[in-house]
Amino acid sequence: MTDPYEALLKHAYTNITEKSGDEGRFIVPEARVFVEGKTTVIENFSEIVSVLRREPDGVLKYLCGELGTAGKIDSSRAVFNGKFDKQQIGGIIGKYIEDYVICSECGKPDTRLVKEGRTITLKCDACGGHRPIRKRKAKTENISEQVEEGMEMEVDIQFLSKRGDGVAKIGKYTLYVTGTKPGQRVKVRITRVAGMIVFTEKMV
């Protein structure tokens, strides 16, 4: 089965290999990702955001939100707390491109973000199309404020813990699910709650 992140990234890259306004090819560099101690680094972050023509702080904020961690810009690099793999980060960049760069009308990347009141609109200079940016919402974010052992729910695995367990962030809770990987949506049963840390077992 194709990894959903990988499929989404390929789909986004297919859309953006159109001619841009300057008649050149719009090709986003592949993220050069490596783990450095307890952090993950995108070595060519500035190169990527330059091609996307987006503000680095905005792209960083999006990545941090999707990864569920903190990060910072260090010269031409982006550094995130925690360990993440190249495939996961590449998939998130693909989602950003699809949501914040590609015109849904003509499929071209000749767009810009315009803030109108509280709404951010994606406007296309190639075809004149425009659409509001709708932030993605996790289907599981309406979880009850109190979780209890024995509860069952569906969660979206966002990244891997240092031990290799899948991690889902829901509200103030961090759920650990053994035997899962980023991009999966699985049904789990809560086995133990320790403050904001929740241990679960994956259900078949």
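Above this text sits the structure in question.
Computed from a predicted model, the values in this text were never measured in an experiment. The written sequence of each chain sets the order in which its residues are numbered from 1. Owing to the predicted nature of the model, reporting of local features is limited to residues with pLDDT of at least 70; listing and counting of side-chain atom pairs is limited to 80 or more, with chain, interface and lining totals taken over all residues. Only hydrogens and water are set aside when side-chain values are computed; all heavy atoms of the structure are taken into account.

**Q** Would you mind going over the nonpolar core with me for this structure?
**A** What tends to happen in soluble globular proteins is that the nonpolar side chains get buried as a cluster. The biggest cluster of nonpolar side chains holds 30 residues, and the ones touching the most others in it are Ile-42, Phe-45, Leu-52, Leu-63 and Phe-80. Strands here are runs of E lasting at least two residues and helices are runs of H or I lasting at least four, both read from the DSSP assignment and numbered beginning at the N terminus. Of all elements in the fold, only helix 2 (45-52), helix 3 (56-67), strand 4 (77-81) and helix 4 (86-100) reach the threshold of two or more residues within this core. When sequence neighbours within four positions are dropped, the list of residues in contact with Ile-42 reads Ala-31, Arg-32, Val-33, Ile-48, Leu-63, Ser-76, Arg-77, Ala-78, Phe-80 and Ile-89. Grouped together as the second largest cluster of nonpolar side chains are 13 residues, Val-147, Ala-168, Ile-170 and Val-177 included. We call a set of buried residues a nonpolar core when its members are Ala, Val, Leu, Ile, Met, Phe, Trp, Tyr or Cys and they connect through side-chain atoms within 4.5 Å of each other. Under the scheme applied here, a residue whose accessible area is under 20% of the maximum for its type counts as buried, over 50% as exposed, and between as partly exposed, the area being computed with a 1.4 Å probe on protein chains only. Should any heavy atoms of two residues lie within 4.5 Å, those residues are counted as being in contact.

**Q** Teacher, can you tell me more about helix 2 here?
**A** Owing to its 3.6 residues per turn, the α-helix brings residues three or four apart onto one side. Among the residues of helix 2, Phe-45, Ile-48, Val-49 and Leu-52 are the ones counted as buried. Buried residues of helix 2, seen end-on, are gathered within an arc of 90 degrees and therefore sit on one face of the element. Contact partners of the buried residues in helix 2: strand 2 (39-42), helix 3, strand 3 (71-74), strand 4 and helix 4. Of the residues flanking the end of helix 2, it is Arg-53, one or two places downstream, whose phi is positive at about 60 degrees. Think of the arc as the fan of directions from the helix axis to the C-beta atoms.

**Q** Can you walk me through the side chain of Thr-40 in this structure?
**A** As for its placement among the helices and strands, Thr-40 is situated in strand 2. Contacts described as polar in this section are N or O atom pairs within 3.5 Å, which, within protein, must combine one atom able to donate a hydrogen with one able to accept it, while residues neighboring in sequence count only if both atoms come from side chains. Looking at Thr-40, its side chain comes within polar contact range of the main-chain oxygen of Gly-82, at 2.7 Å. Beyond its immediate sequence surroundings of up to four residues, Thr-40 is in contact with Val-33, Phe-34, Val-35, Ala-78, Val-79, Phe-80, Gly-82, Lys-83, Phe-84 and Ile-89.

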